[in-house]
Amino acid sequence: MIKIWFAGLMRERNGRLLGAAVGIAVTIAMLAALGAFLAQSNASMTQRAVAGVPVDWQVQLVPGTARGLVSDAIKKATAIATVQSVGYADVDGFEAHTGGTVQTTGKGKVVGFDATYLHDFPKQFRLLIGSMDGVLVAQQTAANLHVTVGDSVTILRPALPPVIVKVGGVIDLPNADSMFQAIGVPAGAAPQAPPDNVLLLPLSEWQSLFDPQAVVRPDSVRLQLHVGLIHTHLPHDPLAAFVAVHGAEKNLEIRIAGKGLVADNLAARLDAVRSDALYARVLFLFLGAPGALLAIFLTVAVVASGGTRRRRDQALLRIRGASRRQILQIAAVEAMFVGLSGAVGGLVLAEILSRTLLGVSVFAPAAFYSTIAAVSMGILLAQAAILVTAWRDAQQTTVAAARMTGRDKRYGLWLRTGLDFILIGLAAVIFWKTWSTGYQVVLAPEGTPASSVDYVAFLAPVLMWMGIGLLTTRLCLVGFQRGKRFLALGLQPIAGTLSGVVSAAISRQSNRMTQGIGLVALAFAFATSTAIFNTNYHAQTRVDAELTNGADVTVTGTALAPASAKLKELKALPGVLAAEPMQHRLAYVGTDLQDLYGIDAARVGEATRMSNAYFANGNAAKTLALLQQTPDGILISEETVNEFQLQPGDLINLRLQNSNDHQYYVVPFHFIGIVREFPTAPRDSFLVANARYIGQMTGTNASEIILLKTSAPPAQVANAARVIAETLPGAKVTDIGEAQRLIGSSLTAVDLDGLTRLELGLSILMVASATGLILALGLADRRRTFAILSALGAKPRQLGAFLWSEAALLFLVGSVIGILTGFLLAWMLVKLLTGAFDPPPDHLLVPWVYIGLLVMVALISVALAVMGSLRETRIPAVQRMREL
Amino acid sequence: MNKTLIHADAIGRSYAQGEAQVAAIVSATFLLKEQDRIAIIGRSGSGKSTLMHLMAGLDVPTSGTLMWPELGAPDTLLPEQIALVFQAPSLLEPLTVSENVALPLLLANFTGDIAAAVRAALATFHLQELAHKLPEELSGGQMQRVAMARAIVGNPRVILADEPTGQLDQPTGHALLDALLVHLAGTSTALVISTHDPLVAKRMNTIWQMDQGVLKTNVTSIEAV
């Protein structure tokens with residue numbers, strides 16, 4: 001019997017089987033592609049994190065321990081690429097005689113390293129002037145001592161006579177934090193700020209100077225082994241990679257117990273990234289899960305839309321003696337067929353989507369488990385949608401019951417208990433609590449950055465989504481039951497004299513209509529919220545990169561060769577919309593050396609975006625206008641304001657270097673506002689003032705930086721700018737694209753482009769399905785209604801009134817509720833992620849074109865569904881009457 | 001003198017089945033006049049329903065001539081001039097009894113008092129108390145009475161009832177017929193009922209017989225058949 005029935009299904013109900021299989025396929029494709037994307041982004045996060053660590057392990061030897069012993073232990077603990085010896089010596093200070101004055105620093109460190117060190121760990125130093133061979137001075141130390149290449153520096157050794165060395169080069173130490181970390185000290189036990197004064201020597205010279213010091217002051221000299229691990233064997237997942245590296249480090253600790261201490265920079269970095277990865281996973285799931293849920297709902301709706309027929313079929317089977325077991329067997333076969341064909345189709349679709357949009361394969365080893373999970377879920381869904389429905393129907397079906405209208409007899413428990421209001425209330429409370437306390441997703445205090453994910457915060461949009469879904473259901477049910485007259489009035493333009501009957505028919509099928517409207521609303525909400533969020537995310541990634549890079553293209557010169565010397569040429573480059581000079585000097589605030597940026601407050605915004613979030617008062621225009629009106633005004637970073645307890649209007653004296661004699665002189669400023677971030681500025685402490693005033697007080701108007709806003713691709717303009725900047729020694733040209741690629745592991749660095757394309761594409765598909773497919777399937781289920789109406793003399797135009805009325809209601813109510821919900825959810829999500837955006841967006845960006853496209857697609861889909869059904873009305877009435 | 005409402009001259013209706021032609025009606029010639037009360041009898045599959053569909057203008061004969069001299073063009077017959085009643089339940093499930101009954105008037109853009117017309121039709125079949133019920137709340141007999149009320153609500157010139165009592169027990173079926181005949185008494189409306197029930201057929205003035213697609217209008221009595 002099952003064989004005959006199945007053959008009949010394939011012959012007579014193939015459209016519905018196909019619809020259900022397509023629903024399953026889309027669900028599987030969505031889940032599998034999402035899983036593959038997650039696996040890929042995790043892998044790239046690991047790769048990026050590993051690549052960003054300058055030295056994987058720093059092993060500090062206990063005085064007296066042989067280097068070879070520890071080196072062997074390291075090789076046994078894990079596979080290593082390289083190991084280098086680095087000497088650290090504490091000194092009482094440095095002294096330099098320049099320009100007839102003597103500069104002396106406080107305590108400092110002298111580092112000794114081998115000539116091959118730079119080859120193995122190239123990210124540790126950046127040469128600013130001179131050569132890497134010989135004695136190197138850190139940039140800030142060189143500024144403190146007023147020395148440059150060729151000058152002499154005296155090293156004041158403790159308990160030993162001073163020695164004089166000649167400076168061969170000035171360098172920047174981009175990883176000073178990890179390079180000078182206190183190894184073996186518990187995290188957070190003591191401040192680990194890197195030293196202000198650093199000198200670097202070739203290892204042999206360092207040994208000759210500090211081996212004697214190790215004898216008299218053994219506590220002041222240490223030897224470290226800097227280790228580079230082989231990264232090719234590391235797992236893709238940050239968590240697994242962390243476990244692997246951390247395990248190897250623990251193994252080494254046991255091997256060298258009492259002989260050395262290990263600083264595991266790689267594990268620390270992976271630890272931070274695994275939190276980011278976890279966070280990204282939550283975010284992606286948050287964005288993707290509603291899509292997958294929607295696909296599931298759609299599949300269930302497709303299956304359910306054939307419910308009337310299925311119930312009638314079942315009732316007839318029962319009458320003819322089929323047992324409940326046989327009916328369920330038939331349903332199981334149908335479900336298995338739908339599930340398996342959906343799985344095959346889903347995998348093909350997922351592979352196409354993943355390869356074209358995400359650049360990954362769902363069959364890749366990393367995506368194995370997620371793909372299996374997606375396929376299993378699809379097959380289970382088919383079973384649940386078909387078999388469970390059949391089982392439920394089999395409990396009570398008679399032919400008469402099969403023809404029930406589905407009219408609501410009583411309200412559900414959730415309606416009576418007001419669950420929708422409770423959920424919305426809870427969402428509002430959680431959202432308010434999270435927002436008002438200034439939740440920051442990524443915590444980046446002094447020292448090692450760390451992430452902290454407050455999962456409770458994500459409950460707010462989830463609960464809001466569910467609450468609005470239920471509220472929509474409540475409003476529809478109540479509206480259909482009590483608002484028949486208004487509905488009839490509203491439908492009059494479409495249904496004419498039949499509007500009363502049409503509205504009555506719709507009202508009495510409130511369950512079906514509400515489900516349809518709910519699905520359309522969910523589809524629109526998903527599409528709108530995803531599009532708005534992705535638009536803002538994308539825009540913020542660019543703003544983040546612009547903040548880091550300064551502008552579309554930034555030309556950075558030096559004090560000796562300022563970029564402003566080439567301003568005219570740069571301005572004249574094709575594709576340059578605006579070129580604005582910006583001074584970058586160093587100023588002493590008390591004893592702190594801070595970055596000072598000199599700008600033309602009226603014009604800086606022409607070349608780079610001046611976000612409101614850059615300023616504590618949240619108003620960029622007002623702050624810059626005030627700076628323009630106050631020639632000696634200065635904007636100070638929050639950290640400095642707090643440290644020095646400054647009040648607006650306070651007079652502060654900074655020390656700036658004069659260009660004529662290179663000496664530092666006191667320059668008075670008036671504190672006028674707090675600046676939180678500024679293009680190219682560091683995150684912690686910096687100052688912004690008027691370039692004209694700085695120029696007057698330092699004897700030079702030269703600007704070290706030129707910010708370029710471009711209309712042509714930034715990389716192209718950057719290439720042209722490089723040609724011009726070639727004549728400026730030490731000048732550097734960077735474009736926003738490079739910055740976007742280089743931003744560390746912050747949230748906005750995760751490339752959502754592929755996911756965005758996938759989600760936006762699927763959203764359109766789902767909106768089209770929710771509107772058109774559901775409508776078409778529902779209408780197909782009412783052929784009997786049309787047969788009766790035809791027999792009563794209804795003309796095609798009158799049959800159309802039923803169709804168009806239902807379609808209009810479904811589309812209008814569903815799309816309006818859906819789009820509004822989408823806006824609300826996107827707004828909540830962006831607000832919740834304010835801490836992750838750097839800087840946070842000033843206002844919500846709305847992709848109107850995409851939303852317009854969605855509405856158009858839905859309209860076309862509705863029109864196609866109705867016109868397809870109208871074609872049915874052209875079938876001779878006598879044929880339709882066979883449905884009776 | 002009663003006017004001729006439908007005039008059929010040697011009409012036939014055949015359907016293509018593959019390459020072959022299957023004749024549902026081989027030949028039917030008749031006149032249907034005002035106030036006629038006609039029962040069509042015949043075996044299942046003899047062509048009774050097809051003849052009804054042709055008379056209602058829902059189907060087109062493949063041979064012969066069919067005309068509605070007093071009623072108008074075929075596509076304007078339903079619902080004003082001709083009403084159809086079926087054997088199977090034919091009420092729209094989401095509409096109440098009164099809304100179902102009102103449907104032909106709404107479809108015909110009736111400009112009079114629809115509510116009064118519906119009330120009158122329901123009263124004919126003693127259905128007033130069921131006016132606000134849904135079909136799912138009615139018995140089979142009640143549903144068929146509602147279908148009858150829907151047929152008469154627009155005062156059509158012809159009522160074509162295709163085995164209207166076929167799913168009802170005899171007393172219920174006869175009560176339904178009684179109410180219909182009482183309502184039609186004194187009106188010019190013609191009634192054509194196809195039936196397998198000899199007692200129903202006997203209540204009609206004329207009996208036609210369909211036999212293998214051929215209509216015989218000269219049947220003298222049901223006993224003769």
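The shown structure was predicted, so the numbers you read here are calculated from the model rather than taken from an experiment.

Caption draft 1: Inspection of the overall build of chain A at higher detail. Counting its regular elements, chain A contains 31 helices and 23 strands. Scored against the burial criterion, the 884 residues of chain A give a buried share of 54%. With an accessible surface of roughly 37800 Å², chain A has 62% of that area assigned to carbon and sulfur atoms.

Caption draft 2: Broad picture of the interface of chain A and chain B. With 27 residues of chain A at the interface, the matching set in chain B holds 26 residues. In total, chain A and chain B occlude about 2600 Å² of area from one another, counting both sides; carbon and sulfur atoms represent 64% of this. The largest per-residue losses of area from chain A upon contact with chain B belong to Arg508(A), Leu792(A) and Val878(A), which jointly make up 22% of the total buried on that side. Where chain A meets chain B, there are 1 salt bridge. Its salt-bridge partner being Glu99(B), residue Arg508(A) comes within 2.7 Å of it at the nearest N-O pair.

Caption draft 3: Local environment of the packing of aromatic side chains. All names here are of chain A. Taken as a whole and assessed by the stated rule, the structure comprises 14 aromatic pairs over all chains. With a centroid separation of 6.0 Å and 35° between ring planes, the pair formed by Tyr117 and Phe125 is classed as tilted. The same class applies to Tyr117 and to Phe125, which are both buried. A centroid spacing of 5.3 Å and a plane angle of 80° characterise the contact between Phe368 and Tyr369, whose relative ring orientation is edge-to-face. Following the ring pairs from residue to residue traces out a cluster consisting of Phe113, Tyr117, Phe121 and Phe125. Above the ring of Tyr588, the side-chain terminus of Arg655 is found at 4.4 Å from the ring centroid.

Caption draft 4: Spotlight on empty space enclosed by the protein. Residues and elements named next belong to chain A. For the coordinates displayed, the defined rule picks out 3 cavities of 30 Å³ or more. Considering only enclosed or pocket space, the largest cavity measures out at about 240 Å³ in volume. Along its surface, the largest cavity is lined by 20 residues, and Trp5, Leu9, Arg310, Asp313 and Glu334 are the ones closest to its centre. Secondary-structure elements contributing two or more residues to the lining of the largest cavity are helix H1 (2-12), helix H2 (14-52), helix H10 (307-319), helix H11 (324-358) and helix H12 (368-396). Considered class by class, the residues forming the lining of the largest cavity number 12 nonpolar, 2 polar and 6 charged.

Caption draft 5: Geometry of the packing of helix H28 (residues 783-791) of chain A against helix H29 (residues 796-832) of chain A. Residue and element names in this part refer to chain A. The interhelical angle for the contact between H28 and H29, taken along N-to-C directions, is 150°, at an axis separation of 10 Å. Viewed along their axes, H28 and H29 form a crossing whose handedness is right-handed. Here Phe786, Leu789 and Ser790 of H28 lie close against H29, whose contacting residues are Leu799, Phe802 and Leu803. Of the residues in the contact of H28 with H29, the class split is 5 nonpolar, 1 polar and no charged.

Caption draft 6: Spotlight on the environment of Arg485(A). On the secondary structure map, Arg485(A) appears in helix H17 (residues 484-495). Here the alpha-carbon distance between Arg485(A) and Glu638(A), two residues 153 residues apart in the chain, equals 62 Å.

Caption draft 7: Just helix H22 (residues 620-629) of chain A, in detail. All names here are of chain A. Listing the buried residues of H22 in full gives Ala620, Thr623, Leu624 and Leu627. Down the axis of H22, the buried set is contained in an arc of 95°. They therefore lie on one face. Relative to its buried face, H22 has exposed residues pointing more than 90 degrees away, namely Ala621, Lys622 and Gln629. In this structure, the buried side of H22 is in contact with strand S17 (592-599), strand S18 (633-637), strand S20 (664-675) and strand S21 (686-690). Capping of H22 at its N-terminal end is provided by Asn619; its side-chain oxygen lies 3.2 Å from the backbone amide nitrogen of Ala621.

Caption draft 8: Quick look at H2(A). Taking 1.5 Å per residue, 39 residues should reach 57 Å; H2(A) reaches 56 Å between its end C-alpha atoms and fits that length. With respect to burial, H2(A) is a largely interior element, 29 of its 39 residues being buried.

Caption draft 9: Inspection of the pattern of salt bridges at higher detail. Residue and element names in this part refer to chain A. If you walk through the whole model with that rule in mind, you get 16 salt bridges over all chains. Between Arg603 and Glu580 there is a salt bridge, with its nearest N and O atoms 3.8 Å apart. Remark: Glu580 occurs in strand S16 (residues 576-589) and Arg603 occurs in the loop between S17 and helix H21 (604-607); sequence separation between them is 23 residues. The network of salt bridges with common partners includes Asp90, Lys109 and Arg222.

Caption draft 10: Expanded view of a nonpolar patch on the surface. Together, Ile494(A), Trp804(A), Met856(A), Leu859(A), Ile860(A), Leu864(A) and Met867(A) make up a nonpolar patch on the protein surface, roughly 650 Å² of accessible area in all. Sorting elements by how many residues they give to the nonpolar patch places helix H30 (residues 848-873) of chain A first, with 5 residues.

Caption draft 11: How the structure looks around the nonpolar core. All names here are of chain B. The biggest cluster of nonpolar side chains holds 160 residues, and the ones touching the most others in it are Val101 and Phe125. With sequence-adjacent residues up to four places away left out, Phe125 is seen in contact with Arg145, Met148, Ala149, Ile152, Leu176, Ala179 and Leu180. Counting 32 residues, the second largest nonpolar core, distinct from the first, contains Ile6, Ala8, Leu51 and Phe86.

Caption draft 12: Up close: the confidence of the model for chain A. Taken over all residues, the pLDDT of chain A has a mean of 83, while the share at 70 or more is 89%. Counting contacts from residues 441-451 of chain A, a segment whose pLDDT is below 50, to residues more than four positions away or on other chains yields 20 contacts.

Caption draft 13: Representation of the pairing of strand S8 (residues 152-156) of chain A within the structure. Residue and element names in this part refer to chain A. Pairing analysis gives 3 bridges linking strand S3 (residues 93-98) to S8, with the strands arranged antiparallel. By the bridge assignment, Phe94 is partnered in S8 with Ile155. Examined bridge by bridge, S8 and strand S9 (residues 163-172) share 4 bridges and lie antiparallel to one another. Bridge pairing in S9 links Val153 to Val165. In sequence, S8 turns back onto S9 through a hairpin of 6 residues, with Ala159 there showing a positive phi of about 65°.

Basis of the calculations
Residues numbered from 1 in each chain as written. Chains lettered and ligands numbered in written order. Predicted model: local features only at pLDDT ≥ 70, side-chain atom pairs only at ≥ 80, totals over all residues. Heavy atoms only, no water. Helix = DSSP H or I, 4+ residues; strand = E, 2+ residues; numbered from the N terminus. Buried < 20%, exposed > 50% of the residue type's maximum accessible area, 1.4 Å probe, protein only. Areas by Shrake-Rupley, 256 points an atom, 1.4 Å probe, with all protein chains shown as cover. Contact = heavy atoms within 4.5 Å. Buried area = accessible area lost by both parts, 1.4 Å probe. Salt bridge = Lys/Arg side-chain N within 4 Å of Asp/Glu carboxyl O. Phe/Tyr/Trp six-rings, centres within 6.5 Å; stacked < 30°, edge-to-face > 60°. Lys NZ or Arg CZ within 6 Å of the ring centre and 35° of its normal. 1 Å grid on protein atoms, 1.4 Å probe; cavity = no way out; pocket = protein on both sides within 12 Å on 5 of 7 lines; lining within 4 Å. Points joined across faces, edges and corners; volume = space filled by probe spheres on them. Nonpolar A, V, L, I, M, F, W, Y, C, P; charged D, E, K, R; others polar. Axes fitted to C-alpha atoms, helices over the stretch in contact; angles between N-to-C directions. Left-handed = near helix turned anticlockwise from the far one by under 90°. Arc of directions from axis to C-beta. Polar contact = N/O pair within 3.5 Å; in protein donor to acceptor, adjacent residues only side chain to side chain. Expected span 1.5 Å × (residues − 1). Patch = residues over 30% accessible without salt bridge, like charges linked within 9 Å, V, L, I, M, F, W, Y side chains within 5 Å. Core = buried A, V, L, I, M, F, W, Y, C linked by side-chain atoms within 4.5 Å. pLDDT = per-residue confidence, 0-100. Pairing = 2+ DSSP bridges.

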